Amino acid sequence: MKKTYIFLIMIVLTTSLSAFTLKKYGEFHFEKVHENIYVMHGPIVSPDMENEGFMNNPAIIEGKTGLIIIDPGGSYNIGKKVLVEIEKISKKPILATINTHKHGDHWFANKALLEKYPKLKIYAHPQMIKEVKGGEADKWYDILDRLTKNLKGTNNAFAYPNHALKEGENIVIDGEKFIAHHPKIAHTDTDLLITHVNLKTLFLGDNVMKGRLGAFDASSSVFGNITLLEELLKNKNLDFYIPGHGISGKQVETITPYLTYLKTVAKWAQKAYDDDLEAYEVKPQAIKELTAFEHWDGFEYALGRHMMKAYDEISLADEE
Ligand SMILES: [Zn+2]
């Protein structure tokens, strides 16, 4: 009896010691969200030392003989921890990874997976492959290294995607069927939205965020993102939605909050433009309409930037 008790304590200790833990945020595990799909929802914040650069939603699709991983995470070190958690779900080999876009917090962890599976197929849109090899990887390395100090082992060389997946392309991996959708310009100009056909599930990349707001860089479009999300809402054939950051769920609960936020940003940017004002001058009025988002990580800072971005897009379209 006593021996059994000690044995159990040892099991508990060993399990908790090997858990993926971030001091401020607790333990991270993959949770089953939908039959053979598992997601590890990362902390819903911006990259910093405390989250070590882990903030995205790595996902597993378990096939008959192997696993397909979507966006394994933001560094080599994070990738190694994610790999340990993947192995707690299934010991099957990883056959392929699909990356949703060029931002390093989603794909730098390819490196750890490739180290273990040198023949790993890494899929991404051709524009992503072109841009990450053309300087975007280095740019993101510098950003995340500065903010998280946890990029050791990630570069030299980066684990770039090695298979291109174009708009509308279908692939079947281990009986799991995927369709790629590239919206040209939305969150970035490299986005892939991935439909897992078997379970009618859509991996949204960062075209939807829930609970935090990220950046719209020069390659992105607030209006492109709005158009994309409005299109997605019309499609009633899918059951489940997994955003790049934030909790997964059904269509409306996942897509509508971010779409409402973006449309409000666009509305007030348009109002400023029409009234010959600067975007920041209408920001207080926009804030009044966005109280539901005040608690989202990065709200105040991101809102100002997003309004300026929308304003620039309006002014550019007006010039054309
Ligand atoms: Zn992103």
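Residues numbered from 1 in each chain as written. Predicted model: local features only at pLDDT ≥ 70, side-chain atom pairs only at ≥ 80, totals over all residues.

Considering the overall build of the chain
Thought 1: On a plain count of helices and strands, the chain comes out with nine helices and 14 strands.
Thought 2: Taken over C-alpha atoms, the radius of gyration comes to 20 Å for the chain, in line with the 20 Å a tight globule of 320 residues would show.
Thought 3: Expressed as lengths along the three principal axes of its C-alpha atoms, the size of the chain is roughly 75 × 40 × 40 Å.
Thought 4: Here the chain, with 320 residues, has 45% of them falling under the buried criterion.
Thought 5: In the chain, the share of contacts with a sequence separation of at least 24, taken over all contacts with a separation of at least 6, comes to 68%. (Helix = DSSP H or I, 4+ residues; strand = E, 2+ residues; numbered from the N terminus. Rg over C-alpha atoms; globule rule 2.2 N^0.38 Å. Buried ≥ 20, exposed ≤ 12 C-beta atoms within 10 Å, placed from the backbone. Contact = placed C-beta atoms within 7 Å.)

Quick notes on the sheet that holds strand β12 (residues 193–196)
Thought 1: The strand order across the open sheet formed by five strands is β10-β11-β12-β13-β14, and the pairing between neighbours is mixed. Only two strands of the sheet have a single neighbouring strand rather than two, namely β10 (170–173) and β14 (240–245). Strand after strand, the sheet turns through a mean of 30° between neighbouring axes, direction not considered.
Thought 2: Summarising the sheet, strand β11 (residues 176–181) and β12 pair through four bridges and their orientation is antiparallel. Counted as the bridge partner of Ala180 is Ile194 from β12. (Pairing = 2+ DSSP bridges. Axes fitted to C-alpha atoms, helices over the stretch in contact; angles between N-to-C directions.)

Brief notes about the nonpolar core
Thought 1: Ranked by size, the top nonpolar core spans 79 residues in total, and within it Ala59, Val265, Ala269 and Met307 carry the most contacts.
Thought 2: Top element by residues in this core is helix α7 (residues 251–274). It accounts for 10 residues.
Thought 3: Not counting chain neighbours up to four residues away, the residues in contact with Met307 comprise Val265, Trp268, Ala269, Ala279, Lys283 and Ala286. (Core = buried A, V, L, I, M, F, W, Y, C linked by C-beta atoms within 7 Å.)

So, the pairing of strand β3 (residues 31–34)
Thought 1: Bridge analysis of β3 against strand β4 (residues 37–39) gives three bridges, and the strand direction is antiparallel. Across the sheet, residue His34 finds its bridge partner in β4, namely Ile37.

Re the packing of helix α6 (residues 222–234) against α7
Thought 1: Viewed as axis vectors pointing N to C, α6 and α7 meet at an angle of 145°, and their least axial separation amounts to 10 Å. For the pair α6 and α7, the crossing hand works out as left-handed. Residues Val222, Phe223, Asn225, Ile226, Leu229, Glu230, Leu232 and Leu233 of α6 touch α7, and the partners they reach there are Gln251, Ile255, Tyr258, Leu259, Leu262, Lys263, Val265 and Ala266. (Left-handed = near helix turned anticlockwise from the far one by under 90°.)

What to know about the environment of Gly79
Thought 1: Examined against the element boundaries, Gly79 turns out to sit in helix α2 (residues 76–89).
Thought 2: For the pair formed by Gly79 and Ala112, sequence separation is 33 residues and the distance between their alpha carbons is 5.1 Å.
Thought 3: When residues no more than four places from it in sequence are discounted, the contact partners of Gly79 are Pro72, Gly73, Ala109, Lys111, Ala112 and Leu113.

Description of the sheet that holds β3
Thought 1: Here we have seven strands laid out as an open sheet, ordered β3-β4-β5-β6-β7-β8-β9, and mixed in their pairing. Two strands close off the open sheet at either side, each with one partner strand: β3 and β9 (163–164).
Thought 2: Here strand β7 (residues 94–98) pairs with strand β8 (residues 121–124) via three bridges, running parallel. Residue pairing in the sheet places Ala96 in a bridge with Lys121 of β8.

Quick word on the environment of Lys32
Thought 1: Along the chain, Lys32 falls in strand β3.
Thought 2: Taking the C-alpha atoms as reference points, Lys32 and His103, separated by 71 residues in sequence, lie 25 Å from one another.

As for the pairing of strand β13 (residues 201–209)
Thought 1: Within β13, nine of the nine residues are buried, leaving the element largely enclosed by the surrounding structure.
Thought 2: Taking the residues that link successive antiparallel strands as the turn, the β12-β13 hairpin has four residues, and the phi of Lys200 there is positive, at about 50°.
Thought 3: As paired elements, β13 and β14 share five bridges and run parallel to each other. Along β14, the bridge assignment pairs Phe203 with Ile242.

As for α6
Thought 1: For α6, which comprises 13 residues, the first-to-last C-alpha distance of 19 Å matches the rise-based estimate of 18 Å (1.5 Å per residue) to within 8%.
Thought 2: In the core, the buried residues of α6 are packed alongside β13, α7 and α9 (299–319). (Expected span 1.5 Å × (residues − 1).)

With respect to the environment of Ala180
Thought 1: Mapped onto the elements of the fold, Ala180 is located in strand β11.
Thought 2: Each C-alpha atom of the pair Ala180 and Leu193 lies 5.9 Å from the other, and the pair is 13 residues apart in sequence.
Thought 3: Not counting chain neighbours up to four residues away, the residues in contact with Ala180 comprise Leu165, Lys166, Glu167, Gly168, Glu169, Leu192 and Ile194.

Structural notes on unusual backbone geometry
Thought 1: Each neighbour pair has its own omega, and for Asn156 with Ala157 the value is -10°, a cis peptide bond.
Thought 2: Relative to the helices and strands, Ala157 is located in the loop between α5 (126–148) and β9.
Thought 3: The residue Asp174 is not glycine, and still its phi comes out positive at about 55°.
Thought 4: Looking at where Asp174 falls in the secondary structure, it is placed in the loop between β10 and β11.
Thought 5: A count of 16 C-beta atoms within 10 Å places Asp174 in the partly exposed class.

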